[in-house]
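Residues per chain are reported as follows:
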Amino acid sequence: MKLFVYHTPELTPSPCTADCAIAIDVLRATTTIATALGVGAEAVQVFSDLNRLMQTSAEWDPAKRLRAGERGGSKVEGCDFGNSPLDCTPQLMQGRRLFISTTNGTRALQKIEQCPTVLAAALINRHAVVNYLVETQPETVWITGAGWEGSFALEDTVCAGAIAVGLMEKLGCTLDELAGNDELVGAVSLYQQWKDNLLGLFHLASHGQRLLRLECHADLQYCSALDTLDVLPIQREVGVLVNQSTLVAPVAARSVVSAQSA
Ligand code: MLT
(Lines give C-alpha, C1' and ligand atoms only; values in the text may rest on other atoms or scores of the structure.)
Protein backbone atom coordinates (compact mmCIF):
# COMPACT_ATOMS: atom_id res chain seq x y z
CA MET A 1 0.00 0.00 0.00
CA LYS A 2 1.24 3.50 -0.86
CA LEU A 3 -0.22 6.50 0.91
CA PHE A 4 -0.17 10.00 -0.60
CA VAL A 5 -1.14 13.21 1.20
CA TYR A 6 -2.45 16.30 -0.60
CA HIS A 7 -2.91 19.27 1.68
CA THR A 8 -5.86 20.84 -0.13
CA PRO A 9 -8.47 19.96 -2.77
CA GLU A 10 -6.60 22.30 -5.14
CA LEU A 11 -3.37 20.28 -4.71
CA THR A 12 -5.13 16.95 -5.31
CA PRO A 13 -4.55 15.71 -8.88
CA SER A 14 -7.47 15.20 -11.27
CA PRO A 15 -8.77 12.75 -12.22
CA CYS A 16 -8.50 10.63 -9.11
CA THR A 17 -6.47 7.51 -9.99
CA ALA A 18 -6.26 6.09 -6.46
CA ASP A 19 -8.03 2.89 -5.42
CA CYS A 20 -9.24 4.60 -2.28
CA ALA A 21 -9.43 8.31 -1.43
CA ILE A 22 -9.98 9.84 1.99
CA ALA A 23 -11.16 13.38 2.76
CA ILE A 24 -10.11 14.91 6.06
CA ASP A 25 -11.60 18.03 7.61
CA VAL A 26 -10.97 17.54 11.31
CA LEU A 27 -12.28 21.06 12.12
CA ARG A 28 -15.03 20.20 11.58
CA ALA A 29 -16.87 18.71 8.59
CA THR A 30 -15.60 15.12 8.64
CA THR A 31 -15.86 15.01 12.44
CA THR A 32 -19.48 16.15 12.11
CA ILE A 33 -20.21 13.63 9.33
CA ALA A 34 -18.82 10.72 11.37
CA THR A 35 -20.73 11.87 14.45
CA ALA A 36 -24.04 12.26 12.59
CA LEU A 37 -23.73 8.75 11.15
CA GLY A 38 -22.67 7.43 14.55
CA VAL A 39 -25.89 8.64 16.18
CA GLY A 40 -28.07 7.14 13.46
CA ALA A 41 -28.43 9.57 10.55
CA GLU A 42 -29.66 7.60 7.53
CA ALA A 43 -26.98 9.22 5.35
CA VAL A 44 -25.06 12.45 4.93
CA GLN A 45 -25.32 14.16 1.55
CA VAL A 46 -22.61 16.72 0.83
CA PHE A 47 -22.72 19.83 -1.35
CA SER A 48 -20.12 22.48 -2.08
CA ASP A 49 -22.89 24.72 -3.40
CA LEU A 50 -25.53 25.95 -0.94
CA ASN A 51 -28.20 26.57 -3.58
CA ARG A 52 -27.91 22.98 -4.76
CA LEU A 53 -28.22 21.81 -1.16
CA MET A 54 -31.43 23.81 -0.75
CA GLN A 55 -32.90 22.56 -4.05
CA THR A 56 -32.09 18.89 -3.49
CA SER A 57 -33.16 18.82 0.15
CA ALA A 58 -36.44 20.57 -0.76
CA GLU A 59 -37.41 17.41 -2.65
CA TRP A 60 -36.96 15.35 0.53
CA ASP A 61 -39.68 14.67 3.15
CA PRO A 62 -39.22 17.58 5.65
CA ALA A 63 -39.66 15.17 8.57
CA LYS A 64 -36.75 13.08 7.27
CA ARG A 65 -34.19 15.81 6.54
CA LEU A 66 -31.89 18.24 8.31
CA ARG A 67 -29.86 21.00 6.71
CA ALA A 68 -26.40 22.00 7.93
CA GLY A 69 -24.67 25.00 6.41
CA GLU A 70 -21.43 26.69 7.46
CA ARG A 71 -19.41 29.52 5.98
CA GLY A 72 -16.42 31.07 7.75
CA GLY A 73 -17.14 28.94 10.82
CA SER A 74 -20.65 30.33 11.32
CA LYS A 75 -24.10 28.88 10.64
CA VAL A 76 -25.75 29.76 7.33
CA GLU A 77 -29.18 31.36 7.62
CA GLY A 78 -32.03 29.07 6.64
CA CYS A 79 -30.23 25.91 7.78
CA ASP A 80 -31.09 23.91 10.90
CA PHE A 81 -27.45 23.80 12.04
CA GLY A 82 -24.02 25.16 11.41
CA ASN A 83 -21.25 22.56 11.44
CA SER A 84 -20.84 21.62 15.09
CA PRO A 85 -20.54 17.89 15.76
CA LEU A 86 -22.02 18.63 19.19
CA ASP A 87 -25.38 19.40 17.55
CA CYS A 88 -25.57 15.81 16.28
CA THR A 89 -27.78 14.18 18.91
CA PRO A 90 -29.53 10.82 18.37
CA GLN A 91 -32.92 12.52 18.96
CA LEU A 92 -32.36 14.87 16.02
CA MET A 93 -30.43 12.67 13.62
CA GLN A 94 -31.95 9.21 13.91
CA GLY A 95 -33.39 8.07 10.58
CA ARG A 96 -32.90 11.48 8.98
CA ARG A 97 -30.68 12.51 6.11
CA LEU A 98 -28.23 15.32 6.87
CA PHE A 99 -27.71 17.67 3.90
CA ILE A 100 -24.49 19.57 4.53
CA SER A 101 -22.38 22.28 2.91
CA THR A 102 -19.24 23.71 4.54
CA THR A 103 -16.51 26.11 3.48
CA ASN A 104 -13.80 23.54 2.67
CA GLY A 105 -14.68 20.02 3.87
CA THR A 106 -17.47 19.31 1.43
CA ARG A 107 -15.26 20.64 -1.40
CA ALA A 108 -12.60 18.09 -0.43
CA LEU A 109 -15.15 15.29 -0.64
CA GLN A 110 -16.38 16.56 -3.99
CA LYS A 111 -12.81 16.64 -5.35
CA ILE A 112 -12.39 12.87 -4.82
CA GLU A 113 -16.01 11.76 -5.43
CA GLN A 114 -15.19 9.82 -8.62
CA CYS A 115 -12.72 7.52 -6.85
CA PRO A 116 -13.90 3.85 -6.54
CA THR A 117 -13.86 4.10 -2.74
CA VAL A 118 -14.32 7.37 -0.85
CA LEU A 119 -14.03 7.68 2.93
CA ALA A 120 -14.34 10.58 5.38
CA ALA A 121 -11.78 10.58 8.20
CA ALA A 122 -11.22 12.59 11.34
CA LEU A 123 -9.24 11.98 14.51
CA ILE A 124 -12.29 10.57 16.30
CA ASN A 125 -12.72 7.74 13.75
CA ARG A 126 -9.04 7.24 12.81
CA HIS A 127 -9.11 3.66 14.08
CA ALA A 128 -12.11 2.68 11.90
CA VAL A 129 -10.38 4.11 8.82
CA VAL A 130 -7.11 2.28 9.58
CA ASN A 131 -8.97 -1.01 10.14
CA TYR A 132 -10.80 -0.65 6.82
CA LEU A 133 -7.53 -0.04 4.95
CA VAL A 134 -5.86 -3.00 6.64
CA GLU A 135 -8.80 -5.25 5.73
CA THR A 136 -9.21 -4.10 2.13
CA GLN A 137 -5.52 -3.41 1.29
CA PRO A 138 -5.99 -0.87 -1.54
CA GLU A 139 -2.77 -0.44 -3.51
CA THR A 140 -2.93 3.35 -3.74
CA VAL A 141 -4.57 5.61 -1.14
CA TRP A 142 -4.90 9.37 -1.46
CA ILE A 143 -5.62 11.60 1.50
CA THR A 144 -7.06 15.02 0.67
CA GLY A 145 -6.99 17.62 3.40
CA ALA A 146 -9.72 20.24 3.32
CA GLY A 147 -7.27 22.98 4.35
CA TRP A 148 -8.66 26.48 4.50
CA GLU A 149 -9.54 28.21 1.23
CA GLY A 150 -6.61 26.65 -0.59
CA SER A 151 -4.08 26.77 2.27
CA PHE A 152 -2.46 24.09 4.41
CA ALA A 153 -4.17 23.17 7.71
CA LEU A 154 -2.31 21.68 10.69
CA GLU A 155 -5.31 19.71 11.98
CA ASP A 156 -5.91 17.85 8.70
CA THR A 157 -2.21 17.07 8.26
CA VAL A 158 -1.84 15.73 11.80
CA CYS A 159 -4.81 13.42 11.17
CA ALA A 160 -3.20 12.14 7.95
CA GLY A 161 -0.09 11.42 10.04
CA ALA A 162 -2.19 9.60 12.66
CA ILE A 163 -3.69 7.37 9.96
CA ALA A 164 -0.22 6.59 8.56
CA VAL A 165 1.16 5.75 12.02
CA GLY A 166 -1.87 3.52 12.73
CA LEU A 167 -1.24 1.69 9.44
CA MET A 168 2.48 1.23 10.11
CA GLU A 169 1.66 -0.25 13.51
CA LYS A 170 -1.01 -2.63 12.17
CA LEU A 171 0.78 -3.67 8.99
CA GLY A 172 4.23 -3.79 10.57
CA CYS A 173 5.64 -1.75 7.70
CA THR A 174 8.15 1.12 7.63
CA LEU A 175 7.57 4.75 6.70
CA ASP A 176 9.70 4.20 3.63
CA GLU A 177 7.43 1.34 2.50
CA LEU A 178 4.22 3.29 3.09
CA ALA A 179 5.14 6.82 1.96
CA GLY A 180 3.95 7.79 -1.51
CA ASN A 181 5.09 11.41 -1.27
CA ASP A 182 7.03 13.87 0.92
CA GLU A 183 3.82 15.30 2.38
CA LEU A 184 3.11 11.94 4.04
CA VAL A 185 6.53 11.98 5.75
CA GLY A 186 5.85 15.52 6.98
CA ALA A 187 2.41 14.49 8.27
CA VAL A 188 3.90 11.59 10.26
CA SER A 189 6.50 13.90 11.86
CA LEU A 190 3.79 16.38 12.81
CA TYR A 191 1.71 13.65 14.44
CA GLN A 192 4.71 12.21 16.27
CA GLN A 193 5.50 15.62 17.73
CA TRP A 194 1.93 16.48 18.79
CA LYS A 195 0.20 13.15 19.48
CA ASP A 196 0.09 13.77 23.24
CA ASN A 197 -1.23 17.31 22.89
CA LEU A 198 -3.53 17.44 19.86
CA LEU A 199 -5.72 20.08 21.51
CA GLY A 200 -2.60 22.23 22.03
CA LEU A 201 -1.87 21.94 18.30
CA PHE A 202 -5.44 23.00 17.49
CA HIS A 203 -4.93 26.13 19.60
CA LEU A 204 -2.00 27.04 17.31
CA ALA A 205 -3.90 26.26 14.10
CA SER A 206 -5.40 29.23 12.29
CA HIS A 207 -8.83 27.62 11.96
CA GLY A 208 -8.63 26.47 15.58
CA GLN A 209 -8.11 30.11 16.53
CA ARG A 210 -11.02 31.17 14.32
CA LEU A 211 -13.29 28.67 16.09
CA LEU A 212 -12.07 29.84 19.50
CA ARG A 213 -13.01 33.40 18.55
CA LEU A 214 -16.47 31.99 17.76
CA GLU A 215 -16.51 30.40 21.24
CA CYS A 216 -16.32 26.85 19.96
CA HIS A 217 -13.90 25.59 22.61
CA ALA A 218 -15.95 22.42 23.25
CA ASP A 219 -15.86 21.65 19.52
CA LEU A 220 -12.06 21.80 19.50
CA GLN A 221 -11.93 19.47 22.45
CA TYR A 222 -14.32 16.97 20.86
CA CYS A 223 -12.55 17.08 17.48
CA SER A 224 -9.09 16.57 19.02
CA ALA A 225 -9.97 13.23 20.69
CA LEU A 226 -8.40 10.19 19.00
CA ASP A 227 -10.22 6.93 18.23
CA THR A 228 -13.39 7.66 20.17
CA LEU A 229 -15.92 6.61 17.51
CA ASP A 230 -16.18 3.34 15.60
CA VAL A 231 -17.82 4.79 12.50
CA LEU A 232 -16.66 4.61 8.90
CA PRO A 233 -18.33 7.13 6.57
CA ILE A 234 -18.12 5.62 3.08
CA GLN A 235 -19.57 6.98 -0.17
CA ARG A 236 -22.50 4.84 -1.36
CA GLU A 237 -23.31 6.97 -4.38
CA VAL A 238 -21.72 10.23 -5.51
CA GLY A 239 -22.05 12.76 -2.68
CA VAL A 240 -23.88 10.41 -0.30
CA LEU A 241 -22.04 8.91 2.66
CA VAL A 242 -23.31 6.17 4.95
CA ASN A 243 -21.86 4.33 7.90
CA GLN A 244 -20.08 1.27 6.50
CA SER A 245 -21.72 -1.04 9.04
CA THR A 246 -25.08 -0.21 7.42
CA LEU A 247 -23.76 -1.45 4.06
CA VAL A 248 -24.10 -5.21 3.71
CA ALA A 249 -21.96 -5.28 0.57
CA PRO A 250 -20.71 -2.04 -1.01
CA VAL A 251 -20.73 -3.55 -4.53
CA ALA A 252 -24.30 -4.80 -4.16
CA ALA A 253 -25.39 -1.39 -2.88
CA ARG A 254 -23.77 0.30 -5.87
CA SER A 255 -25.63 -1.93 -8.34
CA VAL A 256 -28.95 -1.21 -6.58
CA VAL A 257 -28.26 2.52 -6.99
CA SER A 258 -27.39 2.18 -10.68
CA ALA A 259 -30.44 -0.02 -11.27
CA GLN A 260 -32.62 2.67 -9.64
CA SER A 261 -31.16 5.46 -11.77
CA ALA A 262 -31.34 3.41 -15.02
C1 MLT B 1 -14.89 23.70 6.60
O2 MLT B 1 -15.49 23.02 5.78
O3 MLT B 1 -14.07 24.55 6.30
C4 MLT B 1 -15.11 23.51 8.08
O5 MLT B 1 -15.63 22.32 8.40
C6 MLT B 1 -15.33 24.76 8.83
C7 MLT B 1 -15.96 24.63 10.20
O8 MLT B 1 -17.17 24.63 10.31
O9 MLT B 1 -15.24 24.54 11.20
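About the criteria used
Positions within a chain are numbered from 1, following the residues in the order the chain's sequence is written. For this predicted model, a pLDDT threshold of at least 70 governs which residues receive local features, and a threshold of 80 or more governs which side-chain atom pairs are given and counted, while totals over whole chains, interfaces and linings are taken from all residues. Side-chain metrics rest on all non-hydrogen atoms present in the structure, leaving aside hydrogens and water. In these notes, residues near a molecule or strand are those with any non-hydrogen atom within 4 Å of it. By the criterion applied in these results, polar contacts are pairs of N or O atoms within 3.5 Å in which, for protein atoms, one can donate a hydrogen and the other can accept it, and in which residues neighboring in sequence qualify only through two side-chain atoms. Exposure was quantified through the Shrake-Rupley algorithm and a 1.4 Å probe, taking into account, for residues, occlusion by the shown protein chains and nothing else. Here a cavity means grid points, on a 1 Å grid over the protein atoms only, where a 1.4 Å probe fits yet cannot get out; a pocket means an open set of points with protein on both sides within 12 Å along at least five of seven lines; lining residues are those with an atom within 4 Å of a point. Put plainly, a molecule is in a cavity or pocket when over half of its atoms are within 2 Å of the grid points there. Under this grouping Gly is polar, as are all residues other than the nonpolar Ala, Val, Leu, Ile, Met, Phe, Trp, Tyr, Cys and Pro and the charged Asp, Glu, Lys and Arg. Secondary structure elements are defined from DSSP: runs of H or I of at least 4 residues count as helices, runs of E of at least 2 residues count as strands, and each element is numbered from the N terminus. We call two residues in contact when some of their heavy atoms are within 4.5 Å. The salt bridge definition used is simple: a Lys or Arg side-chain nitrogen within 4 Å of an Asp or Glu carboxyl oxygen. Burial classes: relative accessible area under 20% of the type maximum marks a residue as buried, over 50% as exposed, and values in between as partly exposed (1.4 Å probe, protein chains only).

S.K.: Help me understand the site of the ligand in this model?
M.R.: Close contacts around the ligand come from 13 residues, with N83, T102, N104, G105 and H207 the closest. A distance of 2.6 Å separates an oxygen atom of the ligand from a polar atom in the side chain of T102. Within the side chain of N104, a nitrogen or oxygen atom sits 2.7 Å from an oxygen atom of the ligand. Against a free-state accessible area of 270 Å², the protein chains account for coverage of 100% of the ligand. Placement of the ligand is best described as lying within the largest cavity. A class-by-class count of the residues in the shell around the ligand yields four nonpolar, six polar and three charged.

S.K.: Is there a simple way to explain the environment of V238 in this structure?
M.R.: Assignment of secondary structure puts V238 in the loop between β9 (233-237) and β10 (240-243). On a C-alpha basis, the gap between V238 and I22 in space is 14 Å, while along the polypeptide they are 216 residues apart. Setting aside residues no more than four positions away along its own chain, V238 makes contact with E113 and Q114.

S.K.: What's the story with the pattern of salt bridges in this structure? I'm lost.
M.R.: Scanning all chains against the criterion turns up six salt bridges. The partner of R28 in a salt bridge is D219, and the shortest N-O contact between them spans 2.8 Å. Linking R28 in the loop between β2 (20-24) and α1 (29-38) with D219 in helix α11 (residues 217-223), this pair joins segments that are 191 residues apart in sequence. Judged by its relative accessible area of 3%, R28 falls in the buried class.

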